[in-house]
Amino acid sequence: MTHLFTNLRLLDPEAGTLEPAAVLVRYGVIAEVLNHGVTAVDGAEVIDCGGHVLAPGIVDIGVKVCEPGERHKESYRSAGLAAAAGGVTTMVTRPDTDPAIDSPETLEFVTRRANEAAPVNVVPMAALTKGREGREMTEIGFLMDAGAAAFTDCDRVVTDTKVFSRALTYARSLGALVIAHPQDPGLSKGAAVTSGKFASLRGLPAVSPMAERMGLDRDIALIEMTGARYHADQITTARALPALERAKRNGLDITAGVGIHHLTLNALDVADYRTFFKVKPPLRDEEDRIAVVEAVASGLIDIICSMHTPQDEESKRLPFEEAASGAVGLETLLPAALRLVHAEMMDLPTLWRALSLNPAKRLGLPGGRIAVGAPADMVLFNPDAPFVLDRATLRSKSRNTPFDGMRMQGKVMATYVAGSCVYEAN
Amino acid sequence: MSFAHRHLLGIEQLSQSDITTLLDLADTYADRNRQPNKHSDALRGLTQINMFFENSTRTQASFEIAGKRLGADVMNMAMQASSIKKGETLIDTAMTLNAMHPDLLVVRHPQSGAVDLLAQKVNCAVLNAGDGRHEHPTQALLDALTIRRAKGRLHRLSIAICGDIAHSRVARSNILLLGKMENRIRLVGPPTLMPSQIDQFGVEVFDDMKKGLEGVDVVMMLRLQKERMDGGFIPSEREYYHRYGLDAEKLAHASPDAIVMHPGPMNRGVEIDGTLADDINRSVIQDQVEMGVAVRMAAMDLLARNHIAAQPGAA
């Protein structure tokens, strides 16, 4: 069970390097990183990587798999296959299922399903409050024992600050990470798009981008009060960035993420009421998009995720206001993220820190890095290969991608989990 | 005469010459509608279905009369009482009707963009009779025809649109149309009823009504949309009337020959003084209703010609 990966460029986000190398994998673990001149090692099967880039697999925080409840939209099997094809070696799954994953029993069911069906690692998150209703905290201790990596009510804001502060305080005592959706729920109520000229022209109910900063400001105050470990799921506006920067500078235990769609699309992409572009929070103006990309490049925003949210055709083929929010992203995350590199807004190691190293570190997972002893969860990809995305080719059960028909660059050649190949491009 | 459109979904898609073509034809229908014999055969043999997902008496009646005067077979469907109550989706309803081969579909829907969505799924010509807060193109066209007949032109006029701009599809369509025809547009109303960044639409925004009306040629009042008022946009109707209701005193700031318009139905004593609304020297509100039929006849006539020309086997 020893493999030698040769003829590759090794992308090491920790060292910030992209250089020719060879990698020796033994029993599913990275055993040695060798000089690129090494072409054979005793007893090792050689895998010629064709000169492509070998990187730690993507760790995607916030994947929605619709089990239990809506398996017709996405199952652990279909999501796992999509993840493998997209170079995602660890899916950190959301608890906003129906019913919510808010008890150790549900979590155990989900873990069992995931282990049976998905070819990649699945790390579940659990709800912060029962039924995600914002009233009573879940059994955070039991859920951690059952394997919950973090606690979140997903896109529902815990509006009662007393409830939220108690949950944060309790979570802190256990060292649990709380992930929240920074948004002022009053201001954003009923909104389908971001306010501005476009929203006014289309006559759609809109929310000011300020609602995000208000939500973040509130949460920062509560973290300062409670000392909890906190991650903002999606920071998508320029106005929220100074608050985030200050909170980090003041030493709070805070990190932030952003979904791939907010890094690559803007509010105008909705065009003539295209519901595949309806996401939560809504797509922002171009100025916000650029500010957020720059924040990823500078490290202020730590994590990029796909915010994979499967919706069936029936949920999307409705008038815009009524249509469900969300887009699938597991299979398009890598080529979409490479747009930022091709646009010269950041380099590959920087991008990869946000895709693999930082999410793994934040959740205390062993993957996300190329280091001796780390699991051989890896993706081999050609960053330049061009293609036109056809949503019919997606492996997800739901194919609600906004990238249908778009030109993209970057193709996954193979994906390895614990040294085993779980996907290979034909 | 050219009007190269399959549907009439909004003013946004129309050019200046499209608008002129439509208004010129509507002008002839307006004259004909005053004759004893109002009938024409332009839509003979064609089927027109009026689908109203939102209550309407005036617009629906106007479309129905317009279709009948052109010889179409007109059917009204009160969608609120029908299959949507049974859970059928908008698209399924559209597909079902489409299978009955209508030629013209007139649609009103409470959601912005719903008429666009429906138009993508059917083979006939679709007329938007109002979608959410988005557009109400025939209203803007009838307003334009009314202005043109009263003022003798539809360009270089100073026009104030007053009241609840935020919730109004009439305002959006009028801003687009009057802008395309090169008029000066002023929007007057409390800031809570202004859409965000509306100043980027080439309009001037006023929250003081007297200043906003200074010297204008046309005063266009909007209905205060009480049914969309959950959330305290204004403190009270009486304060609104005091600051933004049109009365003789405020109208005195407009040009002496300014006309007063209202798309109806009016809230007398909320956005407009009753006496003023009835003053035949200033108010053209009844003319608007009359022009509504003519404009809808013209729009359906033009779309039907394109629809027939696009049929397989058409000469």
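Residues numbered from 1 in each chain as written. Chains lettered and ligands numbered in written order. Predicted model: local features only at pLDDT ≥ 70, side-chain atom pairs only at ≥ 80, totals over all residues. Heavy atoms only, no water.

K.L.:
Hey, could you run me through the overall build of chain B in this one?
P.N.:
Of regular secondary structure, chain B possesses eleven helices and nine strands. Of the contacts formed within chain B by residues at least 6 apart in sequence, a portion of 74% connects residues at least 24 apart. Counting every atom, chain B has about 13,000 Å² of accessible surface; 49% of that belongs to carbon and sulfur. Taking the average location of the 35 positive side-chain charges in chain B and that of its 38 negative ones, the two points are 2 Å from each other. (Helix = DSSP H or I, 4+ residues; strand = E, 2+ residues; numbered from the N terminus. Contact = heavy atoms within 4.5 Å. Areas by Shrake-Rupley, 256 points an atom, 1.4 Å probe, with all protein chains shown as cover. Lys, Arg positive; Asp, Glu negative; His and termini not counted. Charge placed at Lys NZ, Arg CZ, Asp CG, Glu CD.)

K.L.:
How should I be thinking about the interface of chain B and chain A in this particular structure?
P.N.:
Many structure descriptions define interface size as the accessible area lost when the parts assemble. Each partner contributes to the interface: chain B provides 20 residues, whereas chain A provides 16 residues. Buried area between chain B and chain A, summed over both chains or domains, comes out near 1,700 Å², and the portion from carbon and sulfur atoms is 54%. Looking only at chain B, the three residues that lose the most surface to chain A are Gln111(B), Ser112(B) and Phe201(B), adding up to 28% of its buried area. Inspection of the chain B/chain A interface yields one salt bridge. One salt bridge connects Glu12(B) with Arg202(A), and the closest N-O pair in it is separated by 3.0 Å. Counting the contacts that link chain B with chain A gives eight residue pairs in polar contact (both at pLDDT 80 or more). Listed by contribution, the elements that provide at least two residues to the side of chain B that touches chain A are α3 (90-98), α4 (114-119) and α6 (169-180) of chain B. Considering every element that reaches the side of chain B that touches chain A, the biggest residue donor is α4(B), with three residues. (Buried area = accessible area lost by both parts, 1.4 Å probe. Salt bridge = Lys/Arg side-chain N within 4 Å of Asp/Glu carboxyl O. Polar contact = N/O pair within 3.5 Å; in protein donor to acceptor, adjacent residues only side chain to side chain.)

K.L.:
I tried to follow the packing of helix α5 (residues 137-151) of chain B against helix α11 (residues 285-309) of chain B on my own but got confused; where do I start?
P.N.:
Helix-helix packing is described using two parameters, namely the angle between the two axes and the distance between the axes. Residues and elements named next belong to chain B. The interhelical angle for the contact between α5 and α11, taken along N-to-C directions, is 115 degrees, at an axis separation of 8 Å. For α5 against α11, the interelement crossing comes out right-handed. Taking contact as the criterion, the partners of Thr 138, Gln 139, Leu 141, Leu 142, Asp 143, Leu 145, Thr 146 and Arg 149 in α5 are, on α11, Asp 287, Gln 288, Met 291, Gly 292, Val 295 and Arg 296. For the contact of α5 with α11, the per-class residue count stands at five nonpolar, five polar and four charged. (Axes fitted to C-alpha atoms, helices over the stretch in contact; angles between N-to-C directions. Left-handed = near helix turned anticlockwise from the far one by under 90°. Nonpolar A, V, L, I, M, F, W, Y, C, P; charged D, E, K, R; others polar.)

K.L.:
So what exactly am I meant to see when it comes to the UniProt feature "binding site: carbamoyl phosphate" (unreviewed entry) in chain B here?
P.N.:
All names here are of chain B. Feature annotation in UniProt assigns "binding site: carbamoyl phosphate" (unreviewed entry) to the following positions: Arg 58, Thr 59, Arg 108, His 136, Gln 139, Gly 264 and Pro 265. Secondary-structure assignment places Thr 59 in helix α2 (residues 58-69). On the accessibility criterion, Thr 59 (9% relative accessible area) is buried. When neighbours within four sequence positions are excluded, Thr 59 is seen to be in contact with Phe 52, Arg 108, Ala 129, His 136 and Arg 296. Topologically, Gln 139 is positioned in helix α5. Sequence-distant contacts of Gln 139, that is, excluding residues within four places in its chain, are made with Val 170, Pro 263, Gln 288 and Arg 296. (UniProt positions renumbered as here; feature names shortened; annotations may be inferred. Buried < 20%, exposed > 50% of the residue type's maximum accessible area, 1.4 Å probe, protein only.)

K.L.:
Would you take a moment to explain the sheet that holds strand β14 (residues 254-259) of chain A for this structure?
P.N.:
Strand pairing in a sheet relies on backbone hydrogen bonds, with the paired strands running either antiparallel or parallel. Residues and elements named next belong to chain A. Judged by pairing direction, the sheet is parallel, and its five strands sit side by side in the order β9-β10-β13-β14-β15 without closing on themselves. In the strand order of this sheet, the two ends are held by β9 (151-152) and β15 (303-305), each with one partner. Pairing geometry for strand β10 (residues 177-180) and strand β13 (residues 229-232), over four bridges, is parallel. Considered in β13, the bridge of Leu 177 is made with Arg 229. (Pairing = 2+ DSSP bridges.)

K.L.:
So what exactly am I meant to see when it comes to the pairing of strand β3 (residues 29-34) of chain A here?
P.N.:
Within a regular beta strand, the side chains point alternately toward one face of the sheet and then the other, so they alternate between its two faces. All names here are of chain A. Alignment of strand β2 (residues 17-26) against β3, held across five bridges, turns out to be antiparallel. Looking at the pairing, Val 25 lines up with Ile 30 of β3. Hairpin connection of β2 to β3: two residues between the antiparallel strands, including Tyr 27 at a positive phi of 50 degrees.

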